[in-house]
Number of protein chains: 2
Amino acid sequence: MTEFNIIEKYFNIKQNKRPDVVLGIGDDAAILECPPGQQLLLTTDTLVENTHFFSYTDPYTIGYRSLAVNLSDLAAMGATPAWALLSLVLSEFNDDWLTNFSAGFFNLLKQYQMNLIGGNLAKGPLSITVQVAGFVSKHQALVRHGAKVGDYIFVTGKIGEAHAELINHQSFLTITPRIKEGIALRTIAHSCIDISDGLLADLTHILEASHVGAHIQLEKIPVSAELSWEAAITGGEDYELCFTVPENKINLINFDCTCIGRIEAKSGLRIFNHEKLISIEKQGWQHFC
Amino acid sequence: MTEFNIIEKYFNIKQNKRPDVVLGIGDDAAILECPPGQQLLLTTDTLVENTHFFSYTDPYTIGYRSLAVNLSDLAAMGATPAWALLSLVLSEFNDDWLTNFSAGFFNLLKQYQMNLIGGNLAKGPLSITVQVAGFVSKHQALVRHGAKVGDYIFVTGKIGEAHAELINHQSFLTITPRIKEGIALRTIAHSCIDISDGLLADLTHILEASHVGAHIQLEKIPVSAELSWEAAITGGEDYELCFTVPENKINLINFDCTCIGRIEAKSGLRIFNHEKLISIEKQGWQHFC
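Anyway, here's the lowdown on the structure attached to this text. Just so we're clear, the structure is a prediction, and the values are computed from it rather than from any experiment. (Residues numbered from 1 in each chain as written. Chains lettered and ligands numbered in written order. Predicted model: local features only at pLDDT ≥ 70, side-chain atom pairs only at ≥ 80, totals over all residues. Heavy atoms only, no water.)

### Observations concerning the interface of chain A and chain B
Right, on to step 1. At the interface, 62 residues of chain A touch 62 residues of chain B.
Right, on to step 2. Buried surface at the junction of chain A and chain B, summed over both partners, amounts to about 5200 Å²; 59% is from carbon and sulfur atoms.
Right, on to step 3. Taken together, the links from chain A to chain B amount to 6 salt bridges.
Right, on to step 4. The partner of arginine 144 of chain B in a salt bridge is aspartate 27 of chain A, with the nearest N and O atoms 3.5 Å apart.
Right, on to step 5. Linking chain A with chain B are 22 residue pairs in polar contact (both at pLDDT 80 or more).
Right, on to step 6. In terms of residue count, strand S3 (residues 38-48) of chain A provides more of the side of chain A that touches chain B than any other element does, 9 residues in total.
Right, on to step 7. Its residues assigned to classes, the side of chain A that touches chain B comprises 31 nonpolar, 19 polar and 12 charged.
Right, on to step 8. As judged from the 3 bridges shared by strand S2 (residues 30-32) of chain A and strand S3 (residues 38-48) of chain B, these two strands associate in the antiparallel manner. Across the sheet, leucine 32 of chain A pairs through a bridge with leucine 40 of chain B, a residue of S3 of chain B. (Contact = heavy atoms within 4.5 Å. Buried area = accessible area lost by both parts, 1.4 Å probe. Salt bridge = Lys/Arg side-chain N within 4 Å of Asp/Glu carboxyl O. Polar contact = N/O pair within 3.5 Å; in protein donor to acceptor, adjacent residues only side chain to side chain. Helix = DSSP H or I, 4+ residues; strand = E, 2+ residues; numbered from the N terminus. Nonpolar A, V, L, I, M, F, W, Y, C, P; charged D, E, K, R; others polar. Pairing = 2+ DSSP bridges.)

### What to know about the relation of the copies chain A and chain B
Right, on to step 1. Structural alignment of chain A on chain B gives an RMSD of 0.0 Å, achieved by rotating through 180° and translating 0.0 Å along the axis. The operation mapping one copy onto its partner corresponds to a two-fold rotation axis.
Right, on to step 2. Most of the interface of chain A is mirrored in chain B, where 100% of its interface residues again form contacts. (Least-squares fit on C-alpha atoms with pLDDT ≥ 70 in both.)

### Points about the environment of glutamate 275 of chain A
Residues and elements named next belong to chain A.
Right, on to step 1. The residue glutamate 275 is located in the loop between strand S12 (268-273) and strand S13 (276-278) in this model.
Right, on to step 2. Glutamate 275 sits in the exposed class, given a relative accessible area of 73%.
Right, on to step 3. Residues glutamate 275 and alanine 201, 74 residues apart in the sequence, show an inter-C-alpha distance of 22 Å. (Buried < 20%, exposed > 50% of the residue type's maximum accessible area, 1.4 Å probe, protein only.)

### A short note on the pairing of S3 of chain A
Residues and elements named next belong to chain A.
Right, on to step 1. By the criterion of burial, S3 is predominantly enclosed, with 10 of the 11 residues buried.
Right, on to step 2. Inspection of the sheet shows S3 paired to strand S6 (residues 127-137) by 11 bridges, in the antiparallel sense. Residue pairing for S6: threonine 46 is matched across the bridge by threonine 129.

### Overview of the side chain of serine 66 of chain A
All names here are of chain A.
Right, on to step 1. Within the element layout of this structure, serine 66 appears in helix H2 (residues 59-76).
Right, on to step 2. Side-chain polar atoms of serine 66 contact the backbone oxygen of glycine 63, separated by 2.8 Å.
Right, on to step 3. Excluding its chain neighbours within four sequence positions, the residues that come into contact with serine 66 are Leu47, Phe101, Phe105, Ile128 and Val130.

### Quick look at the packing of aromatic side chains
Residues and elements named next belong to chain A.
Right, on to step 1. Across all of its chains, the model carries 18 aromatic pairs over all chains by this definition.
Right, on to step 2. On the basis of an interplanar angle of 80° and a centroid distance of 5.7 Å, the ring pair of phenylalanine 105 and phenylalanine 106 is categorised as edge-to-face. This pair shows no difference in class: phenylalanine 105 is buried, exactly as phenylalanine 106 is.
Right, on to step 3. What links up through ring pairs into an aromatic cluster is the set Phe11, Trp97, Phe101, Phe105 and Phe106. (Phe/Tyr/Trp six-rings, centres within 6.5 Å; stacked < 30°, edge-to-face > 60°.)

### Thoughts on the sheet that holds strand S5 (residues 115-123) of chain B
Right, on to step 1. Spatial strand order, S1(A)-S2(A)-S3(B)-S6(B)-S4(B)-S5(B): 6 strands in an open sheet with mixed pairing. Only two strands of the sheet have a single neighbouring strand rather than two, namely strand S1 (21-23) of chain A together with S5 of chain B. Between one strand axis and the next, the sheet turns through 20° on average, direction left out of account.
Right, on to step 2. Where strand S4 (residues 80-90) of chain B and S5 of chain B come together, 8 bridges link them in parallel fashion. Bridged to leucine 90 of chain B within S5 of chain B is lysine 123 of chain B.
Right, on to step 3. The strands that helix H1 (residues 3-11) of chain B touches are S4 and S5 of chain B; relative to S5 of chain B, the one it contacts most, it runs at about 145°.
Right, on to step 4. Contacts between helix H3 (residues 95-111) of chain B and the sheet are confined to S4, S5 and strand S6 (127-137) of chain B, with S4 of chain B contributing the most and set at about 165° to the helix. (Axes fitted to C-alpha atoms, helices over the stretch in contact; angles between N-to-C directions.)

### Quick look at the sheet that holds strand S10 (residues 241-245) of chain B
Residues and elements named next belong to chain B.
Right, on to step 1. With respect to topology, 7 strands assemble into an open sheet ordered S8-S10-S7-S11-S9-S12-S13, the strand pairing being mixed. In the strand order of this sheet, the two ends are held by strand S8 (191-194) and strand S13 (276-278), each with one partner. If you compare each strand with its neighbour and ignore which way they point, the axes differ by 25° on average.
Right, on to step 2. Sheet topology places strand S9 (residues 213-217) next to strand S11 (residues 258-264); 4 bridges connect them, and they run antiparallel. If you follow histidine 215 over to S11, its bridge partner there is arginine 262.
Right, on to step 3. In the packing of helix H2 (residues 59-76) onto the sheet, contacts are made with S8 and S10, and the angle to S8 comes to roughly 175°.

### Notes on the pattern of salt bridges
Right, on to step 1. Scanning the model with the defined rule gives 20 salt bridges over all chains in all.
Right, on to step 2. Here arginine 144 of chain B and aspartate 28 of chain A are joined by a salt bridge, their closest N and O atoms 3.1 Å apart. Taken as a pair, arginine 144 of chain B in the loop between S6 and strand S7 (152-155) and aspartate 28 of chain A in the loop between S1 and S2 lie in two separate chains rather than in one. As far as burial versus exposure is concerned, arginine 144 of chain B and aspartate 28 of chain A are alike and both buried.
Right, on to step 3. Where salt bridges share partners, they join Arg178, Lys180, Glu181 and Glu240 of chain A into one cluster.

### Section: the packing of H2 of chain B against H3 of chain B
All names here are of chain B.
Right, on to step 1. Between H2 and H3, whose axes approach to 6 Å, the crossing angle comes to 35°. The hand of the H2/H3 crossing is right-handed. Taking contact as the criterion, the partners of Pro59, Tyr60, Ile62, Gly63, Tyr64, Ser66, Leu67, Ala68 and Leu71 in H2 are, on H3, Trp97, Asn100, Phe101, Ala103, Gly104, Phe105, Asn107, Leu108 and Leu109.
Right, on to step 2. Taken together, the residues of the contact of H2 with H3 break down into 13 nonpolar, 5 polar and no charged. (Left-handed = near helix turned anticlockwise from the far one by under 90°.)

Here is the structure:
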């Protein structure tokens, strides 16, 4: 199999071509139309074998997840996904692996009416880099630096589910990117982030970017039954959203989520277990400690 | 050094912020403004240790080249570069390596008034994936599928210089992406490609995409003095442009380039050495043969 044959067989598959894709896979770059009045969102994320997944991880899950972690970043900005590029480094040609990887990737891509518009294939130790593009109306993108004193702090879903899976050395959950929730928050939330580094680390990013502090109530955080609270809120790879909403807009939230605390003027993050202030050491996922 | 510290120290350096960058590095995605009336071009390319460079290759050159190969793709489309994302997989923290890599990357970035708007850092076997975005006015992008019977075939620069370097196991030349030439060709060329897989392979991409054939004159091809013609035109990694121009627009070309042949109706590529039709076996760079 040559590079071109692999792209043709596994990645240049029939897609429902989006009208904004003038020219997709097959030239030196894709040609695209940006909708007027919208802002473009661009992000990228990489999965590396033995760092983000194991050699025995189901390739369908790897394909799905390589796109899902990127969509989670778009979700955190309130964006509607549009296009993806896929850079695949493969150690060898393996028909079965590529068939399943491709199925996982394209199944998620189709759920959001996205198009794969380009990419790259190279030989080397297995890793997958995906870039995604999405759109949001001007001034409606959700950012980390917008939290205001008095905002209530919310999270979607349960915290620590992915971490529980990692500890048990199982394959990953196929996470659901919170695209729908991000879009719903566009005119409601003051700030938003996805919980990829752990709740405490990511909430701290919001606080630092917004120059505010917060308190949270440990017992209110919805955690996976298998985990201690500490493990749940410091473990990474969750991909739920953490966001802040002013009091007068809380009634506009139209999806399930949990209020876990409130933004305060005093810097720093104070964690209460019922009425008691506690301290937690580990602050989330770090590659190069 | 944590992931955040590395990004802060080596990659979130002071840039002349482009007015189209609403929000750059530091959130879940970059927020960008696309200029009205322009089409967006997106592409990505990966360099992998032991495949595209060696462990002893100067990190400045790796940083420069990881962006340059992507700019070459934008050049082949006639695009003006705007933004880049950088996904870096590092086996370990190395201050000296990162300092030099970053210098090579940003020096080239600045030459084109581009901004680094985001990226990703992960632990694993060394590889670098860069994505670039550029713009071109509607209907002016250069494509592979536009070659017409009677077009003259041109190349920029000398063919096979990069291949000569590879054979000699030296570090790479710091290639100059042909951005200026690509932009100049917007209203002149019928088709264009960058020579990353070797002249014969890449010209064949144009012929197949355009449903035409061609003849070229081997003795007219400007090759590196160190190389045989065969090695020069089948070796990859050149990053010169190969393009086709109709007879009535040849006088509009305002930069150095060499005419090497002509597009014909009969499919296939015929190579002449002076008057003699010859055959050449190897058709360029393939990762998974």
